[in-house]
Amino acid sequence: MKPRRLLAIIVKELRQLARDRMTAAMMIGIPTLQLLLFGFAINLDVRGLEAGIVDEARTGQSREIVQAMLSTGVVDAVAEADSPEQLMTMIRRGEISVGIVLPPDLARRLAEQREAIQVLVDGSDTSAQQAARQLTQMPLTNLHRPLPTARRGAAVESPVSLVSFYNPERRSSVSVVPGLIGVILTMTMVLFTAVAIVRERERGNLEMLITTPLSSGELMVGKVLPYVVIGLFQTTVVLLLGMWLFAVPIRGSVLDVYVAALLLIVANLGLGLLISTAVKSQMQAMQLAFFVFLPSILLSGFMFPFAGMPKFAQWIAEVLPLTHFVRLIRSIMLRGASLGELWPETLALIAFTVVVMSLAILRFRKRLD
């Protein structure tokens, strides 16, 4: 091994990397992105869960208790309801994660040292369920005094009881498997289509496409449709294995599940096509696809609690299609909600698809350069 020859190869590789701006940017961008995401955006200490309040007592004592719960930072009151049934509807639609119910005889229940306050929690999100449990450990001794003449049974440890819906056993697979559908579709659909146009150029097939009367829109849609079938097949496989291996329920409409999956598939295919029009090689396409996939999986609420993220990270997450799909699929499969009840998430996916597909078609030029 000659040192001069080895040095020549090293210099040649460094020059080649310097010319490849995309690779150089990824070398700096990926570790920077990971540092920012894990350092600032990812927070396992869940705070600010969206909560609804039903205060049927409407006394100074009840308002003091609500304020004490809010002061913990675990929950943030975003809605008031007239009944526990209304809270359950809001939980099913995904509008809130926690419901707090204070009964009309709150003072007597507290004085008799019985269960007086109910915390209803969406069990489809295990992180929210675990965080809400902190409310049952609140010391409320300074907010009530036992009645010395009252007839009481055995005193309970805490007047706050936790009622978990949709996943009372707190099985993590119940919340992971539905979100895993979105993760798999995001990873495969974006990656497959990100290299589609680039592969045609590298293999010389684009020359033949240029001689055809195909328009840019026809070529793009033709590239997308086969992957739609593949994405729906992947969805079916995950659903069947989830039900068979982990007993994950499908409480909502199966048709709604597939419509939600179709919306995510088309959104990711559009994103992949947009990436393919911005790069010149398959390696660059894969690098950029990974650059998109990393924040999608970390900020969507699939792995880490969405409520624990700072506001700037939540704003970024709202732009990502996986965020809206995770909310859709968990609401449909685990809470039995319908697409009609989840129209904000549905519209967000449709809007994202229209924007990225339009940009991809506008950027694509049926030429070799």
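Residues numbered from 1 in each chain as written. Predicted model: local features only at pLDDT ≥ 70, side-chain atom pairs only at ≥ 80, totals over all residues. Heavy atoms only, no water.

Asks: Is there a simple way to explain the overall build of the protein in this structure?
Replies: A count of helical and extended segments in the protein gives 15 helices and five strands. A burial count over the protein gives 47% of its 369 residues as buried. Accessible area of the protein: about 19,000 Å², with a carbon and sulfur share of 62%. (Helix = DSSP H or I, 4+ residues; strand = E, 2+ residues; numbered from the N terminus. Buried < 20%, exposed > 50% of the residue type's maximum accessible area, 1.4 Å probe, protein only. Areas by Shrake-Rupley, 256 points an atom, 1.4 Å probe, with all protein chains shown as cover.)

Asks: Help me out: how do you make sense of the pattern of salt bridges in this one?
Replies: Any two side chains of opposite charge can pair, given that their charged atoms come close. Across all of its chains, the model carries ten salt bridges by this definition. The residue E112 makes a salt bridge to R114 at a minimum N-O spacing of 2.9 Å. A salt bridge links D122 to R335; its shortest N-O distance comes to 2.6 Å. Of the two residues, D122 sits in strand β4 (residues 117–122) while R335 sits in helix α14 (residues 321–335), which places them 213 residues apart along the sequence. Residue D122 shares its accessibility class with R335, and that shared class is buried. (Salt bridge = Lys/Arg side-chain N within 4 Å of Asp/Glu carboxyl O.)

Asks: I'm lost on the nonpolar core in this one. Help?
Replies: A general trend in soluble globular proteins is that nonpolar side chains are found buried together. By size, the foremost hydrophobic cluster in this structure holds 58 residues, and its most contacted members are I181, L269, L273, F325 and M333. Sorting the residues of this core by element identifies α7 (172–194), α8 (196–203), α10 (216–246), α11 (254–276), α12 (282–299), α14 and α15 (343–363) as the ones contributing at least two each. Apart from residues lying up to four places away in sequence, F325 is in contact with P178, I181, G182, A260, A261 and L264. Among the nonpolar cores identified, the runner-up in size contains 25 residues, and L49, A51, V74 and A128 belong to it. (Core = buried A, V, L, I, M, F, W, Y, C linked by side-chain atoms within 4.5 Å. Contact = heavy atoms within 4.5 Å.)

Asks: Help me understand the packing of aromatic side chains in this model?
Replies: One pair of aromatic rings is described through two measures. These are the centre distance and the angle between the planes. Inspection of the entire model under this criterion finds two aromatic pairs. Summarising the aromatic geometry, the rings of F165 and Y166 are spaced 6.3 Å apart at their centres and angled 50 degrees between planes, so their arrangement reads as tilted. Under the relative-accessibility criterion, Y166 is labelled buried at 16%. A ring pair is formed by F192 and Y227, whose centres lie 5.9 Å apart and whose planes are at 35 degrees; its orientation type is tilted. (Phe/Tyr/Trp six-rings, centres within 6.5 Å; stacked < 30°, edge-to-face > 60°.)

Asks: Looking at this structure, I do not really get the sheet that holds strand β2 (residues 75–80). What am I missing?
Replies: The strands making up a sheet associate through hydrogen bonds between their backbones, and the pairing can be parallel or antiparallel. Ordered in space as β2-β1-β3-β4-β5, the five strands form an open sheet in which the pairing is mixed. What marks the edges here is a single partner per strand, and that holds for β2 and β5 (160–165). In this sheet, neighbouring strand axes are inclined to one another by 30 degrees on average, regardless of whether the strands run parallel or antiparallel. By the bridge criterion, four bridges tie strand β3 (residues 98–102) to β4 in an arrangement that is antiparallel. Bridge pairing links V98 to V121 in β4. (Pairing = 2+ DSSP bridges. Axes fitted to C-alpha atoms, helices over the stretch in contact; angles between N-to-C directions.)

Asks: Even after reading the chapter, I still don't get the side chain of S175, so can you show me in this structure?
Replies: Positionally, S175 belongs in helix α7. A distance of 3.1 Å separates a polar side-chain atom of S175 from the backbone oxygen of S172. The contacts of S175, once residues within four sequence positions are left out, are S124, T126, R330 and L334. (Polar contact = N/O pair within 3.5 Å; in protein donor to acceptor, adjacent residues only side chain to side chain.)

Asks: What is the right way to look at the packing of α7 against α12 in this model?
Replies: The angle between the axes and the distance between the axes are what describe a pair of packed helices. Closest axis-to-axis distance for the α7/α12 pair is 9 Å, and the angle between their directions is 160 degrees. It follows from the interaxial angle that α7 and α12 lie roughly antiparallel. Remark: the crossing between α7 and α12 carries right-handed chirality. Contacts between α7 and α12 involve V183, T186, M187, V190, L191 and A194 from the former and A285, M286, A289, F293, S296 and I297 from the latter. (Parallel < 35°, antiparallel > 145°, perpendicular 65-115°, else oblique. Left-handed = near helix turned anticlockwise from the far one by under 90°.)

Asks: What's the story with helix α4 (residues 84–92) in this structure? I'm lost.
Replies: Residues spaced three or four apart along an α-helix face the same direction, because each turn holds 3.6 residues. For α4, every residue scored as buried is listed here: L87, M88, M90 and I91. Angular distribution of buried residues about the axis of α4 spans 160 degrees; they occupy a single face of the element. Tucked into the core, α4 has its buried residues touching β1 (49–55), β2, β3, β4, β5 and α14. Remark: G94 follows α4 within two positions and exhibits a positive phi of approximately 80 degrees. (Arc of directions from axis to C-beta.)

Asks: For this particular structure, what's the right way to read a nonpolar patch on the surface?
Replies: A surface patch of nonpolar side chains, amounting to about 660 Å² of accessible area, comprises F233, V237, L241, W244, L245 and F246. Assignment of secondary structure puts L241 in helix α10. (Patch = residues over 30% accessible without salt bridge, like charges linked within 9 Å, V, L, I, M, F, W, Y side chains within 5 Å.)

Asks: I keep staring at the pairing of β3 and nothing clicks. Help me out?
Replies: Side-chain direction in a regular strand flips from residue to residue, so the side chains alternate between the two faces of the sheet. Of all five residues that make up β3, five are buried, and the element is covered over most of its length. Here β3 shows no split at all, with V98, I100 and L102 on one side and G99 and V101 on the other all buried. Pairing geometry for β1 and β3, over five bridges, is parallel. Following the sheet pairing, G52 is matched in β3 by G99.

Asks: Would you mind going over the confidence of the model for the protein with me for this structure?
Replies: Detailed conclusions should not be drawn from predicted coordinates in areas where pLDDT is low. Of all residues in the protein, 85% have pLDDT values of 70 or greater, and the mean over the chain is 83. When pLDDT is averaged over each helix and strand of the protein, the minimum, 66, is found for helix α9 (residues 205–210) and the maximum, 94, for α14. (pLDDT = per-residue confidence, 0-100.)

Asks: What's the story with the layout of surface pockets in this structure? I'm lost.
Replies: Where empty space is left can be seen by rolling a probe of water-molecule size over the atoms. Taken as a whole, the largest pocket spans an internal volume of roughly 870 Å³. E50, G94, S97, F306 and R327 are the residues nearest the centre of the largest pocket, which is lined by 37 residues in total. Mapped by element, the contributors of at least two residues to the lining of the largest pocket are β1, β2, α6 (126–132), α13 (311–319), α14 and α15. No other element matches α14, which puts five residues into the lining of the largest pocket. In the lining of the largest pocket, the residues fall into 14 nonpolar, nine polar and 14 charged. (1 Å grid on protein atoms, 1.4 Å probe; cavity = no way out; pocket = protein on both sides within 12 Å on 5 of 7 lines; lining within 4 Å. Points joined across faces, edges and corners; volume = space filled by probe spheres on them. Nonpolar A, V, L, I, M, F, W, Y, C, P; charged D, E, K, R; others polar.)

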